[in-house]
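# Reading the structure
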Amino acid sequence: APRIPLVSNVTGGMATAEELCDPGYWVRHVRAAVRFADGAGTLAEQGIRTLIELGPDGVLSAMGQDIIDGSFIPSLRADRPEGHTLTSAVARAHVEGVGVDWAAFFAGRGAEPVELPTYAFQHQRYWLEVGVSSSNVELAGMSAADHPLLGAAVETPGTGGLLFTGRLSLDTHPWLADHAVLGSVLLPGTAFVELAIRAGDQVDCGHLEELTLETPLILPERGAVQVQLAVGGPDGSGARALSIHSRTAGRAWTRHASGRLAPARPVPPAEPAAWPPADAAPVAVEGLYDGFAAAGLEYGPAFQGVRAVWTRPGEVFAEVALDEEVAEAAGEFGLHPALLDAALHAVALGDLVEGTGRARLPFAWTGVSLHAGGARSVRVRLSRVGADTVSLTVTDPAGVPVANVDALSLRPVHAGQMDAARGGARESLFRVEWVPLPERQQTAEDAARSWAVVGDDAFGVAAAFGPDGPGPDVRPDLAALDGPVPDVVFACAGGETAAGDVHEAAVAALTLVQSWLDEERFASSRLVLVTRGAVGDGLSDLAGAAVWGLVRSAQSENPGRFVLLDLDAEAVPIGSLGAALGTDEPQLAVREGRVLVPRLARVTAPAETAPAAAESDGTVLVTGGTGALGAVLARHLVTERGVRRLLLTSRRGEAAPGAAELVAELTGLGAFVRVAAVDVAD
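These figures come from a predicted structure and were not determined experimentally. (Residues numbered from 1 in each chain as written. Predicted model: local features only at pLDDT ≥ 70, side-chain atom pairs only at ≥ 80, totals over all residues. Heavy atoms only, no water.)

### Observations concerning the overall build of the chain
Scanning the chain from N- to C-terminus turns up 18 helices and 30 strands. For 682 residues, the compact-globule estimate of 2.2 N^0.38 gives 26 Å, and the chain exceeds it by more than 25% at 35 Å. C-alpha atoms of the chain, sized along the principal axes, occupy 100 × 85 × 60 Å. Looking at the chain as a whole, 41% of its 682 residues are labelled buried. Nonlocal contacts in the chain, meaning residues at least 24 apart in sequence, comprise 64% of its contacts between residues at least 6 apart. Entry remark: accessible area of the chain is about 36700 Å², with carbon and sulfur atoms responsible for 54%. (Helix = DSSP H or I, 4+ residues; strand = E, 2+ residues; numbered from the N terminus. Rg over C-alpha atoms; globule rule 2.2 N^0.38 Å. Buried < 20%, exposed > 50% of the residue type's maximum accessible area, 1.4 Å probe, protein only. Contact = heavy atoms within 4.5 Å. Areas by Shrake-Rupley, 256 points an atom, 1.4 Å probe, with all protein chains shown as cover.)

Pasting the structure below:
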């Protein structure tokens, strides 16, 4: 009897010494079905609750959890370092009560046992926080930015501007993982405001005049994003342009936001008004974040800051606070992005925007001033100032001003924006593509291969061999194959479209496959099931498609025993097909005389619609054309829509800050641009 009891994969019960010493048992072990569920049940009956999987991955561990109540521990994982995974497995087993020979485990590593203190451990973290060393930054010729989202700052010679750099990742800024939009972790729009305000403080421009968010910044699950914030030199009024770009390793820079900084405004006086207003009605906040999740906005604890809400027509009043873990770092920010973002969540509980069930994100900020930093909790008054546009007044719990936002425009977010922000590829979505099989010269082994066709030769496989050379042995069924079994046996399947015919074809294919596997004499041969139009573009054979689905499962359980071959309406290229069958490809398709094989390819985002050419040489009028939004629209019209004549109007006209630079930029793109000082309200 074995020294260590064994559970048999053949019977699902405890293996006996007679079975283990019987060669026939091991033959059955190789050929018969694996009774994994029965074996797991036997272990459970023996009182086993901790199971360690010894293999290249954790497949059985995942399956076993659905069978018995126990702890399944994989010792290796395909996508993880072996040493780390194995050590984790030992640790998990120890936690589950499994005895571990620690002396053997630490042998040769210089580890020694130490005495533990007799009092309870003091739970205090000593992990070193990952950050940017100011000394390293200065050695590189830059100065430290002194901000959690930025690493360094450097002056740009000759312009009077500044360039800030930083590195964002879910490892260094784990709280950002709690801001997920449509399945992707997104840098919140409030973080762009925080970056702009920090840059403004550095250049004595404490008022964010405008900031337009152009492209979402998606944070990858692994790795980091490099961020650059560029602040231009001052104009005649002391204001400065700014832009925020990012890139991942090996990618081009993407501009995410652009705007304008101006000198700070006076701090408004504290608001002594009663809180909340007497005529404001309380609103329940329970279920708020469940509703956001249903709309695709998945906020984690760091961003679930709404504590209480009151409303009255056109206004929403909210109390917002940071999560305790995030609040510890509030003093490092001007206004923590999670706190300001949570303040915007109260919009969903009032009448400030149309269709509150749609996911909306900040798009354009106007007139943002920060009066006090480091807030952990705030009171917020949100007021409707236009279509999908609100203003914010933020104070501390005592009514002391913290921040003001003159106007914030919100815009719906959709999956297409996320796809474009990922750079055109859906990282985890694949499709099957049929690609040509590399040409292979026919070998002597290919020429010596023997063939047979069984059943109804509906697609003329036998005739494709032609009169020259040895043709296939044609038989009515498998039972009629007497004598030596041919190396390759063809069987036609499918060819019908009615529901009943599909069922019959699937049953017939199943019977054929089972018969092929039951007879030992077919073990060294391959069965090729032939269909026509069952896969790929222009699928027309529904019955054949069902056969493909069935036989794919048989292929995974019996590698090398079956081949799926799909033909088109043209003649069967038996020469190239014979060479293809000499490979290990389990699935083949013949199209226009070429042999194709399936391969997985990433799904790319659909290409954008080609730019529409201008229908005429008419002039396009853009009101507010010299502002941030107007400039974005003007560039889009010229570069994407082919517009060549623009009239940009604003109250200040050519005297508007940045107007001359915008005209020069658009002119360089081939447009004729006029700027006029016009009040469209007249």
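What follows picks up the thread again.
### A word on the domain arrangement of the chain
It is common to give the size of an interface as the accessible area that goes away when the parts come together. According to the domain assignment, the chain contains domain 1 (6–106), domain 2 (143–262), domain 3 (281–423), domain 4 (434–602) and domain 5 (620–677). The straight-line distance from the C-alpha centre of domain 2 to that of domain 3 is 20 Å. Facing the 31 residues of domain 2 at the interface are 38 residues of domain 3. Summing both partners gives a buried area of about 2800 Å² for domain 2 against domain 3, and 65% of it is carried by carbon and sulfur. Across the contact surface, domain 2 and domain 3 share zero salt bridges. The interface formed by domain 2 and domain 3 contains 14 residue pairs in polar contact (both at pLDDT 80 or more). (Domains from an automatic or database assignment. Buried area = accessible area lost by both parts, 1.4 Å probe. Salt bridge = Lys/Arg side-chain N within 4 Å of Asp/Glu carboxyl O. Polar contact = N/O pair within 3.5 Å; in protein donor to acceptor, adjacent residues only side chain to side chain.)

### As for the pattern of salt bridges
Across all of its chains, the model carries 19 salt bridges by this definition. D38 is paired through a salt bridge with R35; the nearest N and O atoms lie 2.7 Å apart. Of the residues examined, D38 reaches a relative accessible area of 35% and is grouped as partly exposed. Two residues, D566 and R591, come together in a salt bridge whose shortest N-O distance is 2.6 Å. Here the residue D566 occupies a position in strand β25 (residues 562–567), and R591 occupies one in strand β26 (residues 587–591), the gap between them amounting to 25 residues. Each member of the salt-bridge network shares a partner with another, and the members are D279, R312, E315 and R381.

### Some details on helix α5 (residues 82–95)
With 14 residues, α5 ought to run about 20 Å at 1.5 Å a step, and its terminal C-alpha atoms sit 20 Å apart, in line with that. For α5, the full list of buried residues reads T85, A89, V90 and A93. Take α5 and look down its axis: the buried residues cluster within an arc of 140°, on one side only. Opposite the buried face of α5, at more than 90 degrees from it, the exposed residues are H84 and V95. On its buried face, α5 is in contact with β1 (50–53), β2 (71–74) and α6 (102–105). (Expected span 1.5 Å × (residues − 1). Arc of directions from axis to C-beta.)

### Concerning helix α8 (residues 189–202)
Here α8 spans 21 Å end to end across 14 residues, near enough to the 20 Å set by a 1.5 Å rise per residue. Most of α8 is tucked away, with 12 of its 14 residues classed as buried. Taken together, the buried positions of α8 are occupied by G189, T190, A191, F192, V193, E194, L195, A196, I197, R198, A199 and G200. Of the residues trailing α8, D204 is marked for its positive phi of about 60°.

### Here we look at the environment of A407
Mapped onto the secondary structure, A407 falls in strand β19 (residues 401–412). Classification of A407 by relative accessible area gives buried; the value is 19%.

### Things to note about the sheet that holds strand β7 (residues 184–185)
Spatially, β7-β6-β13 is the arrangement adopted by the three strands of the open sheet, whose pairing is antiparallel. Because the sheet does not close on itself, it has two edges, and the strands there are β7 and β13 (297–299). Judged from the two bridges that link them, strand β6 (residues 179–181) and β7 form a sheet pairing that is antiparallel. Directly across from V181, in β7, lies its bridge partner S184. (Pairing = 2+ DSSP bridges.)

### Topic: the pairing of strand β14 (residues 306–312)
Counting buried positions over the seven residues of β14 gives five, a clear majority of the element. Pairing of strand β12 (residues 281–283) with β14 involves three bridges; the strand directions are antiparallel. The residue bridging P282 from the neighbouring strand is W310, located in β14. Pairing geometry for β14 and strand β15 (residues 315–321), over six bridges, is antiparallel. The partner of A308 across the bridge, within β15, is E319.

### Focus: the pairing of strand β8 (residues 207–213)
Burial of β8 is extensive: five of the seven residues sit out of reach of the surface. Summarising the sheet, β8 and strand β11 (residues 254–262) pair through six bridges and their orientation is antiparallel. For L208, the partnering residue across the bridge sits in β11 and is L261. Two strands pair when backbone bridges link them, and β8 and strand β16 (residues 360–370) are joined in this way by five bridges, in the antiparallel orientation. Opposite L211, over in β16, you have W365 as the bridge partner.

### Re the sheet that holds strand β29 (residues 645–650)
Taking strand neighbours across the sheet as the criterion, the three strands line up as β28-β29-β30 in an open arrangement whose pairing is parallel. Lying at the two open borders of the sheet, with one neighbouring strand each, are β28 (620–623) and β30 (672–677). Taken over all neighbouring pairs, the strand axes of this sheet differ in orientation by 20° on average, direction set aside. Sheet contacts for helix α18 (residues 659–668): β29 and β30; angle to β30, the most-contacted strand, approximately 160°. (Axes fitted to C-alpha atoms, helices over the stretch in contact; angles between N-to-C directions.)

### Considering the packing of aromatic side chains
All told, the structure shown has 16 aromatic pairs when counted by the stated rule. An angle of 15° between the planes, with centres 5.8 Å apart, marks the rings of W451 and F490 as stacked. In this pair, W451 is assigned in strand β21 (residues 451–454) and F490 in strand β23 (residues 488–492), connecting sequence segments 39 residues apart. We note R109 situated over the ring of F105; from NZ or CZ to the ring centre the distance is 4.6 Å. (Phe/Tyr/Trp six-rings, centres within 6.5 Å; stacked < 30°, edge-to-face > 60°. Lys NZ or Arg CZ within 6 Å of the ring centre and 35° of its normal.)

### Let's talk about the side chain of H371
Mapped onto the secondary structure, H371 falls in the loop between β16 and β17 (377–386). Among the polar contacts made by the side chain of H371, one reaches the side chain of N404 at a distance of 2.8 Å.

### Looking at the UniProt feature "active site" (unreviewed entry) in the chain
Following the UniProt record, the feature "active site" (unreviewed entry) maps to H179 and D341 here. A maximum C-alpha distance of 9.6 Å among these annotated residues, which run over 163 residues, shows that they cluster at one spot. For H179, the position within the fold is in strand β6. Sequence-distant contacts of H179, that is, excluding residues within four places in its chain, are made with S184, V185, L186, L187, P188, E298, Y299, F303 and D341. Relative to the helices and strands, D341 is located in helix α11 (residues 337–345). In this structure D341 comes out as buried when scored by relative accessible area, which is 3%. Aside from chain neighbours lying at most four places away, what touches D341 is H179, P188, T190, Y299 and F303. (UniProt positions renumbered as here; feature names shortened; annotations may be inferred.)

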